[in-house]
Amino acid sequence: MKYQRVRGMQDLLPEDQPYWAHVEKACHDLAGRYGFERLEAPVLESTDLFVRGVGDATDIVSKEMYSFVDKGEDALTLRPEFTAGVMRAYIENGMGSRPQPQKLYSFGPIFRRERPAKGRYRQFYQFNAEVIGTPDALADLEIMQIAHGLYSRLGFTNLVFQLNSTGDPECKPRFIQALRDYFTPLMDRLAPLDRERLAKNPLRVLDTKERETLPLLADAPRFVDYLNAACAEHFAELRAYLDDAGIRYEINHRLVRGLDYYTKTVFELWGEGLGAQGALCGGGRYDGLIEALGGAPTPGVGFATGIERIIMSMRELGVQPAPLPRPDVFIAHLGPAAKRVAVQLAAQLRAEGTGVRVAFGARSLKAQMKDADRAGCALALLIGDDEVRDGTVTARDLAHSEQATLARADAAGWIRAHLP
Ligand code: ATP
Ligand code: MG
C-alpha cells in the first residue's frame, strides 16, 4: 500500500467512538461540576515556550518534540503538553486580573516523538486541568479529586495516588545537592544514562528505570526530609484533606516527575492492567512557572491524563460505553417514484428531529431490510407503487415483526409510538 499513517499515530475508527464520546463527556461533565472552564490554546506554539516552560533537560524537550522552522522564519512546535500553552494564554490574555484562582481545563491532541509501544503513541489526547492563582493546598486537593472523580466515574477501582513533595526554590537546591553528594561516590555503579542525568537533571535519577541504578536508590535521600517549614506544612495540609476525602495515596519518595517546573506537590495514578506503559495521569504544583514565562509571580497546580490509556484500561476491564445515537428509522423504496417519495419523507422526518437512514441504489426489499438490520434501525418505512398511489407508507416494527399501512401524514406519530 502506498500511504500509511505516520508511525506512532492512530486512526480512531467508528467502532472506537463510543469509548471516546463516553470519556470525553465524563471529562466535560466533571470539569463543569468542579467549576473548571474550558480554555483551548492552539496546537502550535513557539518552540521557546516549551524550552522555557518544560525545561531543556527534560525528555520531552530534549528528545520528544515535533519542532520545525516555519518557512525559514519562526521556530514552532506541536504542543508536547498543555500546561505551558495554557500559562502563555493566561498571561497573554491578562487572566491574572480576573477573579483568582482561575480554574481552567483543556481537551485535545498532544504530540511526542517517543518510541511507539502499547499505550504510547506519537499523537495522543489529554484532558488537562489547572487551578491558577492560589497557593492553597485545597487547590492541590481539587486537582487530585477531579482526577479521582474521573476514574471512579469511568469504572476504575482501587485507585491509589503516588504522592510526593518536591519543595520550593529554597529547599529544592538543598535536596538536589544531597542527591549529588549521595550518588557521586557511587558513580561507577550507576547506569550510563543515570550518570548523564546526575550531571544534567539529578532528580531524574530517582525515577530511573535502569536496572543497575535501582538497588542504589534504597538509601538515597528523601525529599520529605529536606522540605522547609512552609513546604512541609503545605504537604501535611494536603495529606489531611486527602485523608478527610477518603482518597487513598502512598508517599512515593522516588516520584519526582519529569518536568522542571514542579514545586511542592507531585502525584501520579497508575491504572490496573497498564503494566509497563506508564501512568494514567500525572500532575503537580508549579509555583514558579508563570513568572519564568514572563508573567507576574503566580502559583498554580494541575494534572493531565492520557485518554488512550484510559480507554485501553476500560477495554481490558470490560467497561462498556453507552452506544452512540444513530438513526432509528430506515426508509426502503421500490421503484424510482417511490424513491423520490422516500427522499422527501426522510427530509421531513429529519426536520422534525427523527434520525433517518434512506436506502441507496435500487435493490430488492430483502437486501434493503438487511441493511436496516445492519444499521441497527428499530423501525422501517416501506414505500412501493401502492403506497405512492395511495399516499401511504407501510410501517414495520422490526423487533416485534408488526406491520401497518398508514397515511403518510401519520408516519411521524406512528414512529413516536413505536420508538424503542
Ligand atoms: P510516561 O511516564 O508514561 O512517559 P509521562 O510522565 O511522560 O508518562 P505526562 O507528561 O505526565 O506523562 O502526561 C500525562 C499523561 O499523558 C500520562 O499519564 C499518560 O496517560 C499520557 N501519556 C504520556 N505520554 C503518552 C504517550 N506517548 N502516548 C499516550 N499517552 C501518553
Ligand atoms: Mg513520557
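Bear in mind the structure is a predicted one, so any value in this text is a computation, not a measurement. Note on numbering: residues in each chain are counted from 1, in written sequence order. Both sets of labels track the order of writing: A upward for chains, 1 upward for ligands. With pLDDT at 70 or above as the cut-off, local features in this predicted model cover only qualifying residues; side-chain atom pairs require 80 or more to be listed or tallied, and sums for whole chains, interfaces and linings still use all residues. No hydrogens and no water enter the side-chain calculation; it runs on all heavy atoms of the structure.

Asker: Mind showing me how you'd approach the nonpolar core here?
Answerer: In plain words, nonpolar cores are sets of buried Ala, Val, Leu, Ile, Met, Phe, Trp, Tyr and Cys residues tied together by side-chain atoms within 4.5 Å. Here the term buried applies to any residue with accessible area under 20% of the maximum for its type, exposed to any over 50%, and partly exposed to those in between, with areas from a 1.4 Å probe on protein chains only. Judged by nonpolar contacts, the single largest core of 61 residues is most densely connected at Phe 127, Tyr 151, Phe 183, Phe 303 and Ile 310. Helix numbering and strand numbering both begin at the N terminus, where a helix is a DSSP run of H or I of at least 4 residues and a strand a DSSP run of E of at least 2. Sort the elements by how many residues they give to this core and helix H5 (residues 137–153) lands first, with 9 residues. Contact between two residues is taken to exist if any of their heavy atoms lie within 4.5 Å; hydrogens are not considered. Not counting residues up to four positions away in its chain, the partners in contact with Phe 183 are Leu 190, Leu 198, Val 205, Leu 216, Leu 217 and Ala 220.

Asker: Honestly, the packing of helix H1 (residues 17–33) against H5 in this entry has me stumped. Any pointers?
Answerer: Two quantities define a packed helix pair, namely the angle between the axes and the distance from one axis to the other. In contact at an axis separation of 10 Å, H1 and H5 are set at 140° when each is read in the N-to-C sense. Judged on the interaxial angle alone, H5 and H1 are oblique. At the point where H1 passes H5, the crossing takes the right-handed sense. Contact with H1, carried on its side by Lys 25, Ala 26, Cys 27, Asp 29, Leu 30, Ala 31 and Arg 33, involves Ile 146, Gly 149, Leu 150 and Arg 153 of H5 and no other residues of that element. Amino acids are sorted into nonpolar (Ala, Val, Leu, Ile, Met, Phe, Trp, Tyr, Cys and Pro), charged (Asp, Glu, Lys and Arg) and polar (every other residue, Gly among them). Along the lines of polarity and charge, the residues of the contact of H1 with H5 split into 6 nonpolar, 1 polar and 4 charged. Interaxial angle, 0 to 180 degrees, is taken between N-to-C directions of lines fitted to C-alpha atoms, where a helix line uses only the stretch in contact. Each angle receives one of four descriptions, namely roughly parallel if under 35 degrees, roughly antiparallel if over 145, roughly perpendicular if within 65 to 115, and oblique otherwise. Handedness of a helix crossing follows the sense of rotation of the near helix relative to the far helix, less than a right angle counterclockwise being left-handed and clockwise being right-handed.

Asker: What is the right way to read the site of ligand 1 from this model?
Answerer: Consider each residue's heavy atoms; a residue with any of them within 4 Å of a molecule or strand counts as near. Surrounding ligand 1, one finds 16 residues, the nearest of these being Arg 112, Glu 114, Arg 120, Arg 257 and Arg 309. The separation between an oxygen atom of ligand 1 and a polar main-chain atom of Leu 280 is 2.9 Å. Contact with the protein chains covers 88% of the free accessible surface of ligand 1, which is 580 Å². Among the secondary structure elements, those contributing two or more residues to the shell around ligand 1 are strand S6 (123–132) and strand S11 (300–306). Looking at side-chain class alone, the shell around ligand 1 contains 6 nonpolar, 5 polar and 5 charged residues. N or O atoms closer than or at 3.5 Å make up a polar contact, with two conditions inside protein: a donor-capable atom paired with an acceptor-capable one, and, for residues adjacent in sequence, both atoms drawn from side chains. For every accessible area listed, the method is Shrake-Rupley and the probe measures 1.4 Å; residues are considered covered only by the protein chains on display.

Asker: Even after reading the chapter, I still don't get helix H4 (residues 83–92), so can you show me in this structure?
Answerer: Since the α-helix packs 3.6 residues into each turn, any two residues three or four apart lie on the same face. Counting buried positions over the 10 residues of H4 gives 7, a clear majority of the element. Residues of H4 that are buried include every one of Thr 83, Ala 84, Gly 85, Val 86, Met 87, Ala 89 and Tyr 90, and no others. Buried residues in H4 make contact with strand S2 (44–46), helix H2 (47–54), strand S5 (102–111), S6 and helix H10 (289–292). Just past H4, the residue Gly 94 takes up positive phi, approximately 60°.

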